[in-house]
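A structural walkthrough
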Amino acid sequence: MNGNGTSQTKLKVVLIGDAAVGKTSLSVRSYCTRSLYVDNKKIMFQIWDTAGTERFKSIVPFYLRDADVAIVAYDITERNTFENINQWLRLLQESAPETIKCALVGNKCDLLEKRQVTTQEAHTFADEHGLYFLETSAKTGQNIQQLFMDIGSIFVGGL
Ligand code: GDP
Ligand code: MG
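Residues numbered from 1 in each chain as written. Chains lettered and ligands numbered in written order. Predicted model: local features only at pLDDT ≥ 70, side-chain atom pairs only at ≥ 80, totals over all residues. Heavy atoms only, no water.

**Describing the environment of F45**
Structurally, F45 is set in strand β3 (residues 41-48). Each C-alpha atom of the pair F45 and K12 lies 6.1 Å from the other, and the pair is 33 residues apart in sequence. Filtering out sequence-adjacent residues up to four positions away, F45 remains in contact with L11, V13, T33, R34, S35, L36, F148, I151 and G152. (Helix = DSSP H or I, 4+ residues; strand = E, 2+ residues; numbered from the N terminus. Contact = heavy atoms within 4.5 Å.)

Written out as structure tokens, the structure is:
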């Protein structure tokens, strides 16, 4: 508890997913959302961007070791990035703590005319795997604040 009668929680959030899905753009966008109040609790987000090209040789597992949240991102306009989600989930199983919370994020939702993965399909996939799901745009900022509010709520116990 601090002097205002509110408690503070720090969450380490690691962004993973294929190259070019928008991880760096999402993390830069997230800087304006670094701390939030959820139910009078201050949540500080520590956001870690990763590079996705050589995932199995890379140091991504090192970042995941003590992560609280993994944001697994794909690009709604590139179907293969959605199909690779299973590999990212496997990496999480191998490298992340069992307690990690995982959010599936379909990024680039501003590019509706190029969409290759429907919202319904991704929702179904997320439900089957027990993942929170949201579509975002790092370009317009759509749902970025919502994403972090919801992640915060998951930890405060609301969602
Ligand atoms: P990363 O490799 O996953 O870190 O992806 P980047 O953040 O570098 O983004 C790859 C490309 O996609 C860049 O040209 C970004 O400007 C673009 N991009 C990222 N997010 C969005 C988005 O939400 N909408 C659109 N239209 N482009 C995006
Ligand atoms: Mg990047």
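**Some details on the sheet that holds strand β4 (residues 69-75)**
Taken in spatial order, the 6 strands of this open sheet run β2-β3-β1-β4-β5-β6, and their pairing is mixed. Strands at the two margins of the open sheet, each flanked by one partner only, are β2 (35-38) and β6 (132-135). Sheet twist, expressed as the average angle between the axes of neighbouring strands with direction ignored, equals 30°. In this sheet, β6 lies alongside strand β5 (residues 101-107) in parallel orientation, the contact comprising 4 bridges. Within the sheet, the bridge partner assigned to V105 lies in β6 and is L134. Helix α4 (residues 85-95) contacts β1 (8-17), β4 and β5 of the sheet and is inclined by roughly 165° relative to β4. (Pairing = 2+ DSSP bridges. Axes fitted to C-alpha atoms, helices over the stretch in contact; angles between N-to-C directions.)

**With respect to the site of ligand 1**
Near ligand 1, the surroundings consist of 15 residues, among which A20, K23, S25, D110 and A138 are the closest. Here an oxygen atom of ligand 1 and a side-chain polar atom of K23 are 2.7 Å apart. The side chain of S25 places a nitrogen or oxygen atom 2.6 Å from an oxygen atom of ligand 1. In isolation ligand 1 has 590 Å² of accessible area, and contact with the protein removes 68% of it. At 3 residues, helix α1 (residues 23-30) tops the list of elements feeding residues into the shell around ligand 1. (Near = heavy atom within 4 Å. Polar contact = N/O pair within 3.5 Å; in protein donor to acceptor, adjacent residues only side chain to side chain. Areas by Shrake-Rupley, 256 points an atom, 1.4 Å probe, with all protein chains shown as cover.)

**Examining the pairing of β2**
Burial along β2 is one-sided: the face carrying L36 and V38 is buried and the face carrying S35 and Y37 is not. Linking two consecutive strands that pair antiparallel, namely β2 and β3, is a turn of 2 residues; a positive phi of about 50° is found at D39 within it. (Buried < 20%, exposed > 50% of the residue type's maximum accessible area, 1.4 Å probe, protein only.)

**Here we look at the packing of aromatic side chains**
For the structure on display, the rule yields 5 aromatic pairs. Centre to centre, the rings of F82 and F125 are 5.6 Å apart; their planes meet at 65°, and the pair counts as edge-to-face. Of the two residues, F82 sits in helix α3 (residues 79-83) while F125 sits in helix α5 (residues 119-128), which places them 43 residues apart along the sequence. Taking the relative accessible area as the measure of exposure, F82 reaches 7% and is therefore buried. Relative accessible area serves as the criterion here: at 12%, F125 is assigned to the buried category. Each residue in the set W48, F62 and Y63 is aromatic and connected to the rest through ring pairs, giving one cluster. In this arrangement the basic side chain of K12 is found over the ring face of W48, its NZ or CZ atom lying 4.3 Å from the centre. (Phe/Tyr/Trp six-rings, centres within 6.5 Å; stacked < 30°, edge-to-face > 60°. Lys NZ or Arg CZ within 6 Å of the ring centre and 35° of its normal.)

**A word on the pattern of salt bridges**
In the structure shown here, the tally under the stated rule is 5 salt bridges. Between D75 and K108 there is a salt bridge, with the nearest N and O atoms lying 3.2 Å from each other. In this pair, D75 sits in strand β4 while K108 sits in the loop between β5 and α5, placing the two residues 33 residues apart along the sequence. With a relative accessible area of 4%, D75 lands in the buried category. For E83, the salt bridge identified is with R79, shortest N-O distance 2.9 Å. Linking E83 with R79, this pair stays in helix α3, spanning 4 residues, or about one helical turn. (Salt bridge = Lys/Arg side-chain N within 4 Å of Asp/Glu carboxyl O.)

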